[in-house]
Amino acid sequence: MQNSTKYDVVIVGGGTSGCACAYNCAKNNLKTLLIEKNNFLGGLMTAGLVVPIMKSSTKNYNCDYYNKLIQTAKKFSAQITYKDKNDGWLNPELLKIVLDDILSKYNNLDILFETEVLDVIKEDRKIKNIILKTNLLSIPIEAIYFVDATGSGEFSQLCGCNFITDTDQKQQNTLRFILGNIDIDKFTKFILKIDNNEDITNTYRNERDTNNEIHFTTASTWDSSKIWALDEYLKKGVNEGILKEPDRSYFQIFSIAGAKGEVAFNCPRINNYIENPFKYSLELIEARRAIYRFYEFTKKYFDGFENAIIVNIATQTGIREQNRIKSKYIYSKEDILSAKKFKTPVLEANYPIDIHSDKKDGSILTKTLNYQLPIESLMSDEIDNLYAIGKLVGADFSAHSALRVQKSCMSMGEAVAKHIKNELFSNTEI
Ligand SMILES: Cc1cc2nc3c(=O)[nH]c(=O)nc-3n(C[C@H](O)[C@H](O)[C@H](O)COP(=O)(O)OP(=O)(O)OC[C@H]3O[C@@H](n4cnc5c(N)ncnc54)[C@H](O)[C@@H]3O)c2cc1C
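Keep in mind that this is a model prediction, so the values were computed, not measured.

**Structural notes on the site of the ligand**
Right, on to step 1. The environment of the ligand is formed by 36 residues, the closest being T16, S17, E36, P52 and R404.
Right, on to step 2. Take N38: an N or O atom from its side chain is 3.4 Å from an oxygen atom of the ligand.
Right, on to step 3. At 2.9 Å from an oxygen atom of the ligand is found a side-chain nitrogen or oxygen belonging to Q316.
Right, on to step 4. Within the complex, 97% of the 1000 Å² of free accessible area of the ligand lies under protein.

What follows is the structure, given as structure tokens:
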């Protein structure tokens, strides 16, 4: 552990994008501090139980960290490659150990857990110092560059930054959870019997990396865009009073790498009341009630779930979109749909525009070509030495809904680290 409190880069938030940024800063010999409020890394990937990493384009811009993550997760039996060649199926609990393993190897990278920023001292358009709050101490820190990777924009807010306010539209949030003690072979026989639509339900057994275990994904929504075989069961659950009508809105489950008999749920949805903490807190209580309803429902209706137990409820709420930074370039839906090219792209991706609505048939999933993102969308327009990455990307609401997936968030962290390195080498003073 270094004693100095002066860094080249301070990254606030050790989640999906923050870890990618820290890894690349460390690899590029930048003296780096990573601050995380939890007692482990990973953010939505660990605390939020968000699995798997969504498949996006195969173009390899700023994917060093992603590749390192997959390679290391493999070593800890925390990863599988699914049949669509998506190698981003990870184990959220083991990932905490995987991330420690990746990031604890660098002498020029300090990690502070259970730490938050208490205060920011600015001079004109630059952050000079920050004061950190740990359990017992407050520590002053100096750095040349700062990166907000908090997902919420808490750090940018402390810096007095503004966020983009272009719409009243909101993404629905989700409190994810995991059930264990499931007979997955029995369940996959059941689900394949009732649903033969490969777009919705599919299973996979890979002898090489899963010890011959079977993996699967399936889903159901109340939207009429597709025929959802499971919706008949959900309707029955509602009619018998086990589920409530909104529970039908979105139901998605995946098996988990390296966790035989465990199933990750991408539900229940939560109304987005972030701006009203009282309503928001009531929503969380209702979400846990819904989790118990899903638990009772699956035990009764799904073959293989008879002995299910609740093993984990996310400790970080799945907030899809909260604040987007006012950046030097506000990336737009038109940029995505026209597949606009940029000189030095941060990423190249094709994950669709994906908006989760609370209205039946209101959700949007629009396919795209390969689009790129410029670094200027990660640079604060108000503070010269501040970058904002991951969910905070400076984009309009629709463009954000495509950019927010994990692989793209990681590329943002990596691109900013490389950009800072170039800035430091080309400037003697900022
Ligand atoms: C319900 C849901 C389902 C999703 N499904 C998928 C999916 O299947 N596949 C996919 O690829 N993407 C999915 N996404 C998108 C993706 O998971 C997120 O957009 C992405 O992980 C965000 O990364 P981030 O780095 O911005 O934030 P996070 O990963 O949330 O990281 C933020 C970190 O900052 C820390 N932090 C916050 N405030 C402070 C502070 N003040 N001081 C210190 N630390 C702080 C947090 O503890 C956390 O570790 C989903 C998102 C949601 C919400």
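**Some details on the packing of aromatic side chains**
Right, on to step 1. Inspection of every chain in the model, using the stated rule, returns 24 aromatic pairs.
Right, on to step 2. Taken together, a centroid distance of 5.8 Å and an interplanar angle of 55° make the contact between Y23 and Y65 tilted. Note that Y23 is positioned in helix α1 (residues 16-27) and Y65 in helix α2 (residues 64-75), a separation of 42 residues in sequence.
Right, on to step 3. What makes Y23 buried here is its relative accessible area of 5%.
Right, on to step 4. Here Y65 falls in the buried class, since its relative accessible area comes to 1%.
Right, on to step 5. Clustering of aromatic rings is evident, with ring pairs tying together F177, F187, F190, F216, Y233, F251, F265, F294, F297, Y301, F302 and F305.
Right, on to step 6. Between the NZ or CZ atom of K407 and the centre of the ring of Y66, over which it lies, the distance is 4.4 Å.

**Regarding the domain arrangement of the protein chain**
The extent of an interface is frequently quoted as the accessible surface area lost upon association of the parts.
Right, on to step 1. What the domain assignment lists for the protein chain is domain 1 (6-167 + 321-426) and domain 2 (173-313).
Right, on to step 2. Placing a centre on the C-alpha atoms of domain 1 and another on those of domain 2 gives a separation of 28 Å.
Right, on to step 3. Opposite the 29 residues of domain 1 that make contact, domain 2 presents 31 residues.
Right, on to step 4. Summing the contributions of domain 1 and of domain 2, the shared interface buries around 2200 Å²; its carbon and sulfur component is 53%.
Right, on to step 5. With a closest N to O distance of 3.3 Å, E198 and K83 form a salt bridge.
Right, on to step 6. Put simply, domain 1 and domain 2 have twelve residue pairs in polar contact (both at pLDDT 80 or more) between them.

**A short note on the environment of Y61**
Right, on to step 1. As for its position among the elements, Y61 is in the loop between β2 (32-35) and α2.
Right, on to step 2. Residue classification places Y61 among the partly exposed positions, given a relative accessible area of 32%.
Right, on to step 3. Counting along the chain gives 120 residues from Y61 to N181, while the straight-line C-alpha distance between them is 40 Å.
Right, on to step 4. Setting aside residues up to four positions removed in sequence, Y61 forms contacts with P345, V346, L347, E348, Q372 and S411.

**A word on the side chain of D8**
Right, on to step 1. With respect to the secondary-structure elements, D8 resides in strand β1 (residues 6-12).
Right, on to step 2. Buried charge without a partner: D8 forms no salt bridge, and the closest opposite charge is K31, 7.7 Å away.
Right, on to step 3. Once residues lying within four places of it in the same chain are set aside, the contact partners of D8 are N29, L30, K31, A143, I144, Y145 and L424.

**Notes on the packing of α2 against helix α3 (residues 94-103)**
The packing of two helices is summarised by the inter-axis angle and the distance between the axes.
Right, on to step 1. At a closest axis distance of 10 Å, the pairing of α2 and α3 adopts a crossing angle of 120°. Judged by the angle between their axes, α2 and α3 are oblique. At the point where α2 passes α3, the crossing takes the right-handed sense. Packed against α2, whose contacting residues are Y65, K68, L69, T72, A73 and K75, the element α3 presents L95, V98, L99, D101 and I102 at the interface.
Right, on to step 2. Its residues placed into classes, the contact of α2 with α3 shows seven nonpolar, one polar and three charged.

**Side note on the pattern of salt bridges**
Right, on to step 1. Taken as a whole, this structure holds 26 salt bridges when the rule is applied.
Right, on to step 2. When the shortest N-O distance is used, the salt bridge between K27 and D64 registers 3.9 Å. Here the residue K27 occupies a position in helix α1, and D64 occupies one in helix α2, the gap between them amounting to 37 residues.
Right, on to step 3. Using a relative accessible area of 34% as the deciding quantity, one classes D64 as partly exposed.
Right, on to step 4. The shortest N-O distance in the salt bridge between K105 and D101 comes to 3.1 Å.
Right, on to step 5. Classification of K105 by relative accessible area gives exposed; the value is 55%.
Right, on to step 6. Overall, the relative accessible area of 18% leaves D101 in the buried class.

Reading the values: rules and limits
- Residues numbered from 1 in each chain as written.
- Predicted model: local features only at pLDDT ≥ 70, side-chain atom pairs only at ≥ 80, totals over all residues.
- Heavy atoms only, no water.
- Near = heavy atom within 4 Å.
- Polar contact = N/O pair within 3.5 Å; in protein donor to acceptor, adjacent residues only side chain to side chain.
- Areas by Shrake-Rupley, 256 points an atom, 1.4 Å probe, with all protein chains shown as cover.
- Phe/Tyr/Trp six-rings, centres within 6.5 Å; stacked < 30°, edge-to-face > 60°.
- Helix = DSSP H or I, 4+ residues; strand = E, 2+ residues; numbered from the N terminus.
- Buried < 20%, exposed > 50% of the residue type's maximum accessible area, 1.4 Å probe, protein only.
- Lys NZ or Arg CZ within 6 Å of the ring centre and 35° of its normal.
- Domains from an automatic or database assignment.
- Contact = heavy atoms within 4.5 Å.
- Buried area = accessible area lost by both parts, 1.4 Å probe.
- Salt bridge = Lys/Arg side-chain N within 4 Å of Asp/Glu carboxyl O.
- Lys, Arg positive; Asp, Glu negative; His and termini not counted.
- Axes fitted to C-alpha atoms, helices over the stretch in contact; angles between N-to-C directions.
- Parallel < 35°, antiparallel > 145°, perpendicular 65-115°, else oblique.
- Left-handed = near helix turned anticlockwise from the far one by under 90°.
- Nonpolar A, V, L, I, M, F, W, Y, C, P; charged D, E, K, R; others polar.

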